[in-house]
Amino acid sequence: MAVDSNQSDRRHAKATRHDSRRSNLRTTLELVSDQGATSRAEIARQTGLSRAAVSSLVGELIENGLLRELGQGTSAGGKPPTLLALNERGRDIVAIDLGHRPFRGALVDLSGRIHERVDADQANTAPVGAKAHEVAVDLIETLIAKSTAPVLGIGVGAPGVINPEGTVLEATNLDWHGFDLGTELRRRFDIPVSIANDAAMAALFEFRRRPTDRNLILVKLGRGVGAGVILNGTLHRGEHSAAGEIGHVRVKDDGDTCRCGNSGCLETVASVPAILRRLGADPERHPWDALALAGLVGDEPVRRALSEAGRHVGMVLANVVATLDIGHVVLAPELLNASDILIEEIRNEMRSRILPATADLIEIEATQIGADLVLAGAASGVLVDRLGVVLR
Ligand SMILES: [Zn+2]
């Protein structure tokens, strides 16, 4: 497959500049993943590495279950080359979403495809503290037992503020405060573990889907409101691991009291429970679906509640986007059938608050994958941590 010369030059520079095997392994894996069927000779040509070096790198990647041989390609005169591809099912990733009720888990392959799904048995309860830990461990055990390939890593997306080592500094919904989940899981399973905020994991997945993006923000409207921020191609965790905590920015001076202790937070108008309560619906009993709610209370009240939520999200995003020059906003509402109105309001509000010419350049869209977003994201987190690459 053709590759533009800039990309080829970049790879060449990358491969020769860092003269380390690890970096060359990453470059090789990324190249084959990006381009599909590729020969060793083609890898050598694009990276500037010797044929012998490429053969050795490819040998190690095949041995580790990451690449596989596809068969013979067409000859350009001489012996036909053996084509290589990502070995999608060569490794399993255990992915867990602790923001979902019940907790959800899945086995994900290297291409990001989910091939086994398990929900925890807690449909009507929301476990907290030690019980939440126990339920998560059971879920991981069940998935490992179902895996058909060596597990590359365990990826966990959880609500709250989580540091890069996997300590949950603050997760009100799970009643975890300074809980070292990472160490607990590593000790228990002896498998590498990647843990991050659920919106951050979701942002990694959306970034993975968009090869041309460098700066992206994903906004998750669920039980809380949170964002994941990708800056210059990497997940931005911030100084205190609290990047993306936009849910507690005050947007209303006379607003409702928030669970954080302040009042008028974005979460008090734009979280799904807040939207439902505004409509007189019970977030624990009524469906998280705008169409179903319209059937219950009428179109107009639903439209007004969604407009208000979208407007306030746009208000906060305007500041973020103006400060960081983000190119792409991805919205992930857990309320079904609400994206169109929300996006329209966000766009209008941002346009009225920042340079319109800048606002017009920003792409705003809803995620395409719905309820699996955090699972897919947690798998992306494992790929980044374990292999150092974003496999597209
Ligand atoms: Zn708050």
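Structure first, text after, so check above.
Here the structure is a predicted model, which is why all the values come from computation and not from measurement.

## Some remarks on the sheet that holds strand S2 (residues 67-72)
For step 1, the next point in the chain: Strands sit in the order S1-S3-S2 across an open sheet of three strands; the sheet is antiparallel. Of all the strands in the sheet, the pair left with one neighbour each is strand S1 (38-39) and S2.
For step 2, the next point in the chain: Of the strand pairs in this sheet, S2 and strand S3 (residues 82-86) are connected by five bridges, and their pairing is antiparallel. Paired with Leu67 across the strands is Leu86, a residue of S3.

## Observations regarding the pairing of strand S12 (residues 225-231)
For step 1, the next point in the chain: In terms of burial, S12 is a largely internal element, seven of the seven residues being buried.
For step 2, the next point in the chain: The alternating pattern of S12 places Val225, Ala227, Val229 and Leu231 and Gly226, Gly228 and Ile230 on opposite faces, both of which are buried.
For step 3, the next point in the chain: Alignment of strand S11 (residues 216-221) against S12, held across six bridges, turns out to be antiparallel. Along S12, the bridge assignment pairs Leu221 with Val225.
For step 4, the next point in the chain: As consecutive antiparallel partners, S11 and S12 are separated by three residues.

## Some words on the packing of aromatic side chains
For step 1, the next point in the chain: Considering all chains together, one arrives at one aromatic pair under this definition.
For step 2, the next point in the chain: Ring centres 4.9 Å apart and planes at 55 degrees place the aromatic pair Trp176 and Phe179 in the tilted group. Of the two residues, Trp176 and Phe179, neither departs from the other in class, the shared state being buried.

## Concerning helix H4 (residues 51-63)
For step 1, the next point in the chain: The end-to-end C-alpha distance of H4, which contains 13 residues, comes to 18 Å, matching closely the 18 Å that a straight helix rising 1.5 Å per residue would cover.
For step 2, the next point in the chain: For H4, the set of buried residues is Val54, Leu57, Val58 and Leu61. The buried residues of H4 all sit within an arc of 100 degrees when viewed along its axis, so they share a single face. For H4, the exposed residues set more than 90 degrees away from the buried face come down to Ala52 and Glu63.
For step 3, the next point in the chain: On its buried face, H4 is in contact with helix H2 (21-35), helix H3 (40-47), S2 and S3.
For step 4, the next point in the chain: Looking one or two residues beyond H4, the residue adopting positive phi is Gly65, at roughly 80 degrees.

## Focus on the sheet that holds S11
For step 1, the next point in the chain: Pairing within the open sheet is mixed, and its five strands lie in the order S13-S12-S11-S14-S15. Sheet topology places strand S13 (234-235) and strand S15 (363-366) at the edges, where each strand pairs with a single neighbour.
For step 2, the next point in the chain: Where helix H11 (residues 299-324) meets the sheet, it contacts S11, S12 and strand S14 (328-333), and its direction lies at approximately 160 degrees from that of S11.

## Quick word on the environment of Ile364
For step 1, the next point in the chain: The residue Ile364 is located in strand S15 in this model.
For step 2, the next point in the chain: On the basis of relative accessible area, Ile364 is assigned to the buried category, the value being 10%.
For step 3, the next point in the chain: Sequence separation of Ile364 and Arg237 is 127 residues, and the distance between their C-alpha atoms is 22 Å.
For step 4, the next point in the chain: Beyond its immediate chain neighbours, meaning those up to four positions away, Ile364 contacts Val329, Ile343, Ile346, Arg347 and Met350.

## Let's talk about the side chain of Thr28
For step 1, the next point in the chain: Looking at the secondary structure, you find Thr28 in helix H2.
For step 2, the next point in the chain: Not counting residues within four places of it along the chain, the set of residues in contact with Thr28 comprises Ile43, Leu57, Val58 and Leu61.

## Quick notes on the nonpolar core
For step 1, the next point in the chain: In terms of nonpolar packing, the biggest core is built from 47 residues, with Ile217, Val219, Leu266, Leu306 and Leu335 touching the most fellow members.
For step 2, the next point in the chain: Ranked by residues supplied to this core, first place goes to H11 with 11 residues.
For step 3, the next point in the chain: In contact with Ile217, other than residues within four places in its own chain, are Ala227, Gly228, Val229, Leu317, Val320, Ile326, His328, Val329 and Val330.

Cut-off values and rules
- Residues numbered from 1 in each chain as written.
- Predicted model: local features only at pLDDT ≥ 70, side-chain atom pairs only at ≥ 80, totals over all residues.
- Heavy atoms only, no water.
- Pairing = 2+ DSSP bridges.
- Helix = DSSP H or I, 4+ residues; strand = E, 2+ residues; numbered from the N terminus.
- Buried < 20%, exposed > 50% of the residue type's maximum accessible area, 1.4 Å probe, protein only.
- Phe/Tyr/Trp six-rings, centres within 6.5 Å; stacked < 30°, edge-to-face > 60°.
- Expected span 1.5 Å × (residues − 1).
- Arc of directions from axis to C-beta.
- Contact = heavy atoms within 4.5 Å.
- Axes fitted to C-alpha atoms, helices over the stretch in contact; angles between N-to-C directions.
- Core = buried A, V, L, I, M, F, W, Y, C linked by side-chain atoms within 4.5 Å.

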